[in-house]
Amino acid sequence: MAESGLKDAMDVLQAWVDQYNARAGGKVALASGGEAGGAQLRLKYSPSEGTISILHLVAVTREGRPAILVSRFEGPTAETSVQAGLWASGQLGRRPGAKP
């Protein structure tokens, strides 16, 4: 189903997550995150208390072509969130010494 009138990829992702959560009835609630413009999008859920699972998507250009890089992170909430953020920042060339 194509969404019309949505501002960016983050809006589309949030609409999808909201619809999923409504249909799933809260059994495994998903959350989403990202940044304006949609260069980074995340699907997140908590498999157990204090643990997070993140599917992180990053839009990049490689060799002049658009690409979406995807990586999965799971573990203690704080450490895993930092690890996912560092990975995404590196892919986007926002970290010193990172090679996009």
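Just so you know, these numbers come straight off a predicted model, no measurement behind them.

On a plain count of helices and strands, the protein comes out with two helices and four strands. In the protein, the succession of α and β elements from N to C terminus is α-β-β-β-β-α. Taking all 100 residues of the protein together, the buried fraction comes to 27%. Counting only contacts in the protein whose residues sit at least 6 apart along the sequence, the fraction spanning at least 24 positions is 30%. Carbon and sulfur atoms make up 53% of the accessible area of the protein, which totals about 6600 Å².

Glancing now at the side chain of Ser89. Along the chain, the position of Ser89 falls in helix α2 (residues 77-91). Beyond its immediate stretch of four places on either side in the chain, Ser89 contacts Arg94 and Arg95.

For the rest of this paragraph, the subject is the packing of aromatic side chains. What characterises a pair of aromatic rings is the spacing of the ring centres plus the angle enclosed by the ring planes. Scanning all chains against the criterion turns up two aromatic pairs. Ring centres of Trp16 and Tyr20 lie 5.9 Å apart, and the angle between their planes is 15°; this geometry places the pair in the stacked category. Note that Trp16 and Tyr20 are positioned in helix α1 (residues 9-24) at a spacing of four residues, about one turn of the helix.

A separate point is the environment of Gln91. Residue placement: Gln91 occurs in helix α2. For the pair formed by Gln91 and Ala59, sequence separation is 32 residues and the distance between their alpha carbons is 8.9 Å. Among the polar contacts made by the side chain of Gln91, one reaches the side chain of Arg62 at a distance of 3.2 Å.

On to α2. A rise of 1.5 Å per residue sets the reference length of α2, with its 15 residues, at 21 Å; its end C-alpha atoms lie 21 Å apart and thus fit the reference within 8%. Buried residues of α2: Thr80, Ala84, Trp87, Ala88, Ser89, Gly90 and Gln91, and no others. On its buried side, α2 packs onto β2 (40-45), β3 (51-62) and β4 (65-76). Positive phi shows up at Gly93, right after α2, with a value of about 75°.

What counts, and where the lines are drawn
- Residues numbered from 1 in each chain as written.
- Predicted model: local features only at pLDDT ≥ 70, side-chain atom pairs only at ≥ 80, totals over all residues.
- Heavy atoms only, no water.
- Helix = DSSP H or I, 4+ residues; strand = E, 2+ residues; numbered from the N terminus.
- Buried < 20%, exposed > 50% of the residue type's maximum accessible area, 1.4 Å probe, protein only.
- Contact = heavy atoms within 4.5 Å.
- Areas by Shrake-Rupley, 256 points an atom, 1.4 Å probe, with all protein chains shown as cover.
- Phe/Tyr/Trp six-rings, centres within 6.5 Å; stacked < 30°, edge-to-face > 60°.
- Polar contact = N/O pair within 3.5 Å; in protein donor to acceptor, adjacent residues only side chain to side chain.
- Expected span 1.5 Å × (residues − 1).

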